[in-house]
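# Summary of the model geometry
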Amino acid sequence: MRGSGVRGTLTTDSPATGRRRRFWQRPWPVRTALAWFALSVVLPALLFIALQYRSAVVERQMAIERQVQQIAQSVAAAVDRELAIKRAQLKALATSPDLRTQHFAEFHAQAAVALEGSAGRVALLRGDGAHLLNTQRPYGTPLGTSLLTEQVRGVLARGLPEETDLFKSAINGQLII
């Protein structure tokens, strides 16, 4: 029995009185108390580790995205530089007297020499898309017509250079711009 307050009344918690103590009111077994203690220590630690892991994953993803963007920008800059070089080569070749006088065999030789050591090629097309020459083939080799006749007409109409999308060459099957 135990005292319950000011008036001096006594209450009993024995099974004979019909009142049962609730789980949190009776003493816990040592195993249960230790399990709750361990859980109260481990659970916040696990939560902290999970949050740190998630934060590290997000940071790593952001770092990878930054690297991919930097690589894409450097590749784009390299492509732009290469296109600028090719435009300059083509402008120089466009001033050739052999081209103006339609001496295409001599122009083919001049273009092949100008492109030595580079991965580029020169193709000369008529307005209808027919190939007149291509530096990847000996002069006089039948080449057929271009698949890009609309773009050829647009270039001829505007008089300005234009880059195409990536396409497969009908001459050698390589992907070119």
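All figures in this text were calculated on a predicted structure; none of them were measured in a lab. For every chain, the first residue of its written sequence is number 1, and the numbers climb from 1 along that sequence. Only residues with pLDDT of at least 70 get local features here, since the model is predicted, and only at 80 or more are side-chain atom pairs given and counted; chain-wide, interface and lining totals rely on the full set of residues. Each side-chain value is worked out from all heavy atoms of the structure, with water and hydrogens disregarded.

### Looking at the overall build of the chain
- Along the chain, the regular secondary structure elements total four helices and six strands.
- Moving toward the C terminus, one meets the helices and strands of the chain in the order β-β-α-α-α-β-β-α-β-β.
- Residue burial in the chain is summarised as follows: out of 177 residues, 14% are buried.
- By sequence separation, contacts in the chain at least 24 residues apart represent 31% of the contacts at least 6 residues apart.
- Surface exposure of the chain reaches about 13,900 Å², of which carbon and sulfur atoms provide 61%. In DSSP terms, a helix is any run of H or I states spanning at least four residues, a strand is any run of E spanning at least two, and both are numbered starting from the N terminus. Under the scheme applied here, a residue whose accessible area is under 20% of the maximum for its type counts as buried, over 50% as exposed, and between as partly exposed, the area being computed with a 1.4 Å probe on protein chains only. Whether two residues are in contact is decided by their heavy atoms, any of which lying within 4.5 Å being enough. Shrake-Rupley sampling with a 1.4 Å probe provides the accessible areas, and residues are treated as covered by the protein chains on show and by no other component.

### So, unusual backbone geometry
- Phi angles above zero are rare outside glycine, and Gln102 is one such case at about 60 degrees.
- Note that Gln102 resides in the loop between α2 (97-100) and α3 (104-114).

### Points about the side chain of Lys86
- Counting through the fold element by element, Lys86 comes out in helix α1 (residues 30-94).
- Each residue touching Lys86, except ones within four places of it in the same chain, is listed here: Ser118, Ala119 and Gly120.

### Examining the environment of Gln89
- Considering the arrangement of structural elements, one finds Gln89 in helix α1.
- Sequence spacing of Gln89 and Ala111 is 22 residues, and the spatial spacing of their C-alpha atoms is 9.0 Å.
- Residues contacting Gln89, with those up to four places away along its chain left out, are Ala114, Leu115 and Ser118.

### A few points about the confidence of the model for the chain
- Residue-level confidence of the predictor, termed pLDDT, takes values from 0 up to 100. Of the residues in the chain, 86% reach a pLDDT of 70 or more, and the chain-wide mean stands at 82.
- Of all secondary-structure elements in the chain, the lowest mean pLDDT belongs to strand β2 (residues 10-11), at 47, while α1 reaches the highest, 93.
- The low-confidence segment residues 1-6, where pLDDT is below 50, has 11 contacts with residues more than four positions distant or belonging to other chains.

### Focus on the pairing of strand β4 (residues 131-134)
- Should DSSP find at least two bridges between two strands, the strands are taken to pair. Pairing between strand β3 (residues 123-125) and β4: three bridges, direction antiparallel. Looking across to β4, one finds that Leu124 is bridged to Leu133.
- In textbook terms, the turn of a hairpin is the stretch between consecutive antiparallel strands, and for β3 and β4 this stretch comprises five residues, one of which, Gly129, has a positive phi near 95 degrees.

### Regarding a nonpolar patch on the surface
- Residues enter a patch when their relative accessible area is above 30% and they make no salt bridge; the linking distance is 9 Å between like charges and 5 Å between nonpolar side chains (Val, Leu, Ile, Met, Phe, Trp, Tyr). Salt bridge, as used here: a side-chain nitrogen of Lys or Arg that lies within 4 Å of a carboxyl oxygen of Asp or Glu. A grouping of Phe37, Val41, Val42, Leu46, Phe48 and Ile49 is seen on the molecular surface, where their side chains present a nonpolar patch of about 620 Å² in accessible area.
- Positionally, Phe48 belongs in helix α1.
- We classify Phe48 as exposed; its relative accessible area is 53%.

### Some remarks on the pattern of salt bridges
- A full pass over the atoms with the stated rule returns two salt bridges.
- For Glu82, the salt bridge identified is with Lys86, shortest N-O distance 3.6 Å. Taken together, the residues Glu82 and Lys86, both in helix α1 and four residues apart, mark about one turn of the helix.
- The exposure class assigned to Glu82 is partly exposed, which follows from its relative accessible area of 38%.

### A look at the environment of Ala112
- Looking at where Ala112 falls in the secondary structure, it is placed in helix α3.
- When the C-alpha positions of Ala112 and Pro138 are compared, they lie 9.9 Å apart, and in sequence the two are 26 residues distant.

### Quick look at the side chain of Asn134
- Checked against the element boundaries, Asn134 lands in strand β4.
- Judged by relative accessible area, which is 5%, Asn134 ranks as buried.
- Within the structure, Asn134 has its side chain in polar contact with the backbone nitrogen of Gln136 (distance 2.9 Å).
- Once residues within four sequence positions are removed from consideration, Asn134 is found in contact with His108, Arg121, Val122, Ala123, Leu143 and Ile171. Throughout this description, a polar contact denotes any pair of N or O atoms lying within 3.5 Å of each other; where both atoms belong to protein, one of them has to be capable of donating a hydrogen while the other can accept it, and for residues adjacent in sequence the pair is counted only when both atoms sit in side chains.

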